[in-house]
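An overview of the molecular structure
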Amino acid sequence: MSTETIPARFGSGQAVRRLEDDSLLAGVGRYADDLSPPRQAHLVFLRSPYPHAVIRSTDTSAAAAMPGVLGVFTGADLVAAGVKPMPGAAAFKRAGGADSATPARRVLAHERVRFVGEPVAAVIAETVQQARDAAEAVMVDYDELPMVVDLKGATAEGAPLLCEEGTGNIAAEMRHGSAEATAAAFAQARHVVKLDITNQRVAALTIEPRTVLADFDSAADRLTIRMSTQMPSGVRDAVCAAIGLAKESVRVVVGDVGGGFGMKTGAYPEDIAVAYAARALQRPVKWVADRSEEFVSSCHGRDVESHAEMALDANGKVLGLRVRSLANVGAYATGTGVAIQLLIGPWVQTSVYDIQTIDFHFKAVLTNTAPTGAYRGAGRPEAIFTIERLMDEAARQTGIDRVEMRRRNFIRPEQMPYKNPMGQTYDTGAFEAIMDQGLALADWDGFEARAAASAKTGKLRGLGIATFLEWTGGNVFEERVTVAIKAGSSLGEDGVIEIFSAVNAMGQGIATSLAQLAVDAFGVPIERVRIVLGDTDRGDGFGSAGSRSLFTGGSAVRIGSERTIDKARQLAAQEFEAAADDVVYANGVFTVAGTDLKLDLFALAGKQPESEIFMESTSAVAGPSWPNGCHICEVEIDPATGEVGVAAYSSFNDVGRVVNPMIVLGQLEGGAVQGIGQALYEHMVYDVETGQPITGSLMDYAAPRADVLTSMFRMEVDESIPCQNNPLGVKGVGELGTIGATPAIVNAVADAFSRNGLAGQAPHLQMPLSPARLWQAMQRGD
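Report on the accompanying structure. All figures in this text were calculated on a predicted structure; none of them were measured in a lab.

Focus on the overall build of the protein
In terms of helices and strands, the protein carries 21 helices and 28 strands. For the protein, the C-alpha atoms occupy an extent of roughly 85 × 75 × 55 Å along the three principal directions. The 782 residues of the protein split such that 59% are buried. Restricting to contacts in the protein with at least 6 residues of sequence separation, those with at least 24 account for 80%. Entry remark: accessible area of the protein is about 28,800 Å², with carbon and sulfur atoms responsible for 50%. A distance of 2 Å separates the average location of the 69 positive side-chain charges in the protein from that of its 94 negative side-chain charges.

Some remarks on the sheet that holds strand β10 (residues 222–227)
Each strand in a sheet pairs with another by means of backbone hydrogen bonds, the pair being arranged parallel or else antiparallel. Strand order in the open sheet formed by seven strands is β3-β5-β1-β12-β9-β10-β11, with mixed pairing between adjacent strands. Bordering the open sheet on either side are β3 (69–74) and β11 (250–253), each of which pairs with just one other strand. This sheet shows a mean twist of 20 degrees between the axes of neighbouring strands, independent of strand direction. Sheet analysis places strand β9 (residues 211–217) next to strand β12 (residues 285–288), joined by four bridges and oriented antiparallel. Bridged to Thr 211 within β12 is Val 288. Against the sheet, helix α5 (residues 128–137) engages β1 (41–47), β3 and β5 (119–125), with an angle of about 30 degrees to β1. On top of the sheet, helix α9 (residues 269–281) reaches β1, β3, β5, β9, β10 and β12; it is set at about 30 degrees to β9, its chief contact.

Examining the packing of aromatic side chains
All chains considered together, the criterion is met by twelve aromatic pairs. An angle of 85 degrees between the planes, with centres 5.4 Å apart, marks the rings of Phe 45 and Trp 287 as edge-to-face. With a gap of 242 residues between them, Phe 45 in strand β1 and Trp 287 in strand β12 connect regions that are remote in the sequence. Each member of the pair, Phe 45 together with Trp 287, is buried. The interplanar angle of 5 degrees and the centroid separation of 5.8 Å between the aromatic rings of Tyr 353 and Phe 410 together place this pair among those described as stacked.

Notes on the pairing of strand β25 (residues 612–620)
Of the two faces of β25, the one lined by Ile 613, Met 615, Ser 617 and Ser 619 is fully buried and the one lined by Glu 612, Phe 614, Glu 616, Thr 618 and Ala 620 carries no buried residue. Looking at chain direction, strand β19 (residues 478–486) and β25 are connected through nine bridges and run antiparallel. Looking at the pairing, Thr 482 lines up with Glu 616 of β25.

A look at the nonpolar core
Counting 134 residues, the largest nonpolar core has Met 310, Leu 321, Val 338, Tyr 649, Ile 676, Val 749 and Phe 753 as the members making the most contacts within it. Examining the composition of this core, we find that eleven residues originate from one element, helix α20 (residues 736–755), more than from any other. In contact with Met 310, other than residues within four places in its own chain, are Phe 186, His 191, Val 192, Val 193, Val 318, Gly 320, Leu 321, Ile 387, Leu 390, Met 391 and Ala 394.

Structural notes on the side chain of Glu 173
On the secondary structure map, Glu 173 appears in strand β7 (residues 170–177). Buried and unpaired, Glu 173 has no salt bridge, with Lys 363 as the nearest side chain of opposite charge at 4.8 Å. A polar side-chain atom of Glu 173 sits 2.6 Å from a polar atom in the side chain of His 361. Other than its neighbours up to four places away in sequence, Glu 173 contacts Lys 93, Arg 94, Ala 95, Leu 342, His 361, Phe 362 and Lys 363.

Focus on the packing of helix α12 (residues 380–398) against α20
In contact at an axis separation of 8 Å, α12 and α20 are set at 25 degrees when each is read in the N-to-C sense. Looking at the two axes, α12 sits roughly parallel to α20. Seen from above, α12 lies across α20 with right-handed handedness. Residue-level inspection shows Arg 380, Pro 381, Ile 384, Phe 385, Glu 388, Arg 389, Asp 392 and Arg 396 of α12 in contact with α20, the latter providing Ile 739, Thr 742, Pro 743, Val 746, Asn 747, Ala 750, Asp 751 and Ser 754. Partitioned by chemical class, the residues of the contact of α12 with α20 number seven nonpolar, three polar and six charged.

Points about the pattern of salt bridges
Applying the stated criterion to the full structure yields 47 salt bridges. Its salt-bridge partner being Arg 222, residue Asp 537 comes within 2.6 Å of it at the nearest N-O pair. Placement of the pair is Asp 537 in the loop between β21 (529–533) and α17 (549–576) and Arg 222 in strand β10, with a sequence separation of 315 residues. Look at Arg 222 and you get partly exposed, because its relative accessible area is 23%. Among the ionic pairs, Asp 520 bridges to Arg 657, the shortest N-O distance being 3.3 Å. One end of the pair, Asp 520, is in helix α16 (residues 510–522); the other, Arg 657, is in the loop between β27 (644–654) and α19 (661–680), and 137 residues separate them in sequence. Judged by its relative accessible area of 25%, Asp 520 falls in the partly exposed class. For Arg 657, a relative accessible area of 24% translates into the label partly exposed.

Observations concerning unusual backbone geometry
At the junction of Met 416 and Pro 417, the peptide bond is cis and its omega measures out at -5 degrees in the coordinates. Cis geometry marks the peptide bond from Met 767 to Pro 768, where omega comes out at -5 degrees. You can see Pro 768 is positioned in the loop between α20 and α21 (771–780).

Details of helix α14 (residues 431–442)
In this model, α14 (twelve residues) spans 16 Å end to end at C-alpha, consistent with the 16 Å of a helix rising 1.5 Å per residue. What α14 keeps buried is the set Phe 431, Ile 434, Met 435, Gly 438, Leu 439, Leu 441 and Ala 442. For α14, the angular spread of the buried residues around the axis is 165 degrees, confining them to a single face. Positive backbone phi, approximately 55 degrees, marks Asp 443, located one or two places after α14.

Points about the sheet that holds strand β22 (residues 583–586)
An order of β22-β23-β24 is seen for the three strands of this open sheet, with the pairing classed as antiparallel. Strands with a single pairing partner mark the edges of an open sheet, and in this sheet they are β22 and β24 (598–600). Taking the axes of each pair of neighbouring strands and ignoring which way they run, one obtains an average angle of 20 degrees across the sheet. In this sheet, strand β23 (residues 589–592) lies alongside β22 in antiparallel orientation, the contact comprising four bridges. Within the sheet, the bridge partner assigned to Val 583 lies in β23 and is Val 592. Against the sheet, α17 contacts β22, β23 and β24, and its axis sits at roughly 50 degrees relative to β23.

Remarks on the pairing of strand β18 (residues 460–469)
For β18, the buried fraction is high: ten of the ten residues fall into the buried class. Looking at chain direction, β18 and strand β26 (residues 628–637) are connected through ten bridges and run antiparallel. Looking at β26, one finds that Arg 461 is bridged to Glu 636.

Let's talk about the environment of Thr 60
Note that Thr 60 resides in the loop between β2 (53–59) and α3 (61–64). For the pair formed by Thr 60 and Ala 134, sequence separation is 74 residues and the distance between their alpha carbons is 8.9 Å. Excluding anything up to four places from it in sequence, Thr 60 contacts Val 72, Thr 74 and Val 138.

Details of α17
Between its terminal C-alpha atoms α17 stretches 38 Å, which fits the 40 Å expected from 28 residues at 1.5 Å a residue. Phi turns positive, to about 55 degrees, at Glu 577, one or two residues after α17.

Structural notes on the environment of Tyr 649
Within the fold, Tyr 649 resides in strand β27. C-alpha separation for the pair Tyr 649 and Phe 522, spaced 127 residues apart in sequence, amounts to 39 Å.

Rules and cut-offs
- Residues numbered from 1 in each chain as written.
- Predicted model: local features only at pLDDT ≥ 70, side-chain atom pairs only at ≥ 80, totals over all residues.
- Heavy atoms only, no water.
- Helix = DSSP H or I, 4+ residues; strand = E, 2+ residues; numbered from the N terminus.
- Buried < 20%, exposed > 50% of the residue type's maximum accessible area, 1.4 Å probe, protein only.
- Contact = heavy atoms within 4.5 Å.
- Areas by Shrake-Rupley, 256 points an atom, 1.4 Å probe, with all protein chains shown as cover.
- Lys, Arg positive; Asp, Glu negative; His and termini not counted.
- Charge placed at Lys NZ, Arg CZ, Asp CG, Glu CD.
- Pairing = 2+ DSSP bridges.
- Axes fitted to C-alpha atoms, helices over the stretch in contact; angles between N-to-C directions.
- Phe/Tyr/Trp six-rings, centres within 6.5 Å; stacked < 30°, edge-to-face > 60°.
- Core = buried A, V, L, I, M, F, W, Y, C linked by side-chain atoms within 4.5 Å.
- Salt bridge = Lys/Arg side-chain N within 4 Å of Asp/Glu carboxyl O.
- Polar contact = N/O pair within 3.5 Å; in protein donor to acceptor, adjacent residues only side chain to side chain.
- Parallel < 35°, antiparallel > 145°, perpendicular 65-115°, else oblique.
- Left-handed = near helix turned anticlockwise from the far one by under 90°.
- Nonpolar A, V, L, I, M, F, W, Y, C, P; charged D, E, K, R; others polar.
- Expected span 1.5 Å × (residues − 1).
- Arc of directions from axis to C-beta.

Just geometry here; none of it tells us what the structure is for.
What follows is the structure in structure tokens.
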């Protein structure tokens, strides 16, 4: 292979096979549970069986005396040891400017439990089975308290409170826009569309459950935590804050991660409990969650009820938007859980539409359920679902074609950069052009023939569309990388370029994309690039969330690589005894213009102290990216059973410049499946009478399967509109499919209803659109 072909074959724009996959396919991946150091002990949590109760007493004596048991810790033990509560949502306020309200969340429940599954005690033993047996011997005396798990009950007058400060169970609330201006807009409207919309609670189904292995080195007074997380630095900081340790005394290492979907962002009480136990017992301690634990104790997503109203003039132009939402944030309001629903979702509530008059009021509500947090899309799916349902319903009620309705309201390219009413600035966007490409890809105009064919088989066929954007970047725009050009060894090993980044792998192929960017810069074979992630000793960073890994982390790799080449050029100039401006770099070799002098990059590294050229680089992007798309799907409904089949799904997406097309399309398809899952299947249900989770296993929690589609996805991207806020021109893509799929599916079902004499039921459709729900709706008629 000539050096000229290296970037062309392995650099940006190429569908390079994922570097991560070889080890995984060979069964030699390094997940947290794959490491078992000598003397490793196992931790099992005893969890609350009650949604709300006072802990009167806890007797651990029988458990502590059982075979193999090394220690038993309770909430009272940790409080006595000085372990601090986890942070709440201090940045937010309640009505009138009062501080946000949430119960103090202890690592192990102390004095009171507030949801089924809350950890109450930790038992550590030589084996998992010994720890499980001992956990069953821990005797806890509870006094049950009144509880509430749903939004209606929690906000009712006289509802049981989760904490005294949280009157009305309101943890925090925010208003956005102008109520007066919006009222004026509604007063002059020709049409007003109103919808009650529920985004049901869902659970993240990662293949790998949460896993934590903590090992304490007493000689160095240092704790090493190996775990499955998206944010190693954040977990380290939380552990240090809770236990009272210096950051230098804790290292978090992350290997392979079997999915995150937002659920593995930040620290959990269990993470801190394992770290505490390892220090207390001075030996390695491991905890691996089972699936039932994940259902009841990991962060859930969504769970928002909204009343939305849209005012339009006679021509279908939106004059104003009013949204009132209650967000169920569970038993403990976290900064992330509150921000997602009160701030981040509202940032995109007006989406791709030129709407400047808004009146939003969002409340975070405490209930006796597991806390909510980030779940793929995190606030944006809820907001986009609301506006897209309104758009389609407005088209039905006004008689304006739904595609034409969108055209009349799109933000135009000449309006860019565009500041939306939430103060967010879109740098680029050609929303109508993206929709036109999406319509062509889906053969929108040919739908009637396909609907007629479905009718002959007794099926009701519907056509759904969603045009939308999302915000990516996590609003953490600075990123640090290190680049080390290492010389080859005397044993014949080739030199390598080792790049460390604090973004994190979780199955999305980020190491491959970063390596491709290094190939772009250095022009060396991809085999000579080594990407290192997931080690707080190597560097700090925000981690991977908010579709920021390539947008922010990739930009940092590009800039860091360029800075490294500049440094190496100066070193090469010294070797050549030439001016640096005369030294040219290309494809791993330095030359001097006008001469035959040349020096290999790795040979140059071999001439340096430590036989390497090292660069530490910190850089920042200018702002978030705003990927957008047009997602279109077709469904078939069996009127005899209410079952929905997804007959076709296509999308056109503006994701800016594409580094690896295969990875991008995989993210779009995987995201769409999760969005379809929420639309049709998934629902984390708590019984309102008992507070018990009743979909706490995969026997009860319906999830999308491989046969969710009867035809293949058709996903395309438009690279002609690069992001202006980063040097790569890329836009985040990891959550785009999820955000577009849910409204596209529900709008398609609503369309099928409307085409078959059930238009009156369309506004009342709520997710998940299970066969039972749809069958009942069809029996009610129009």
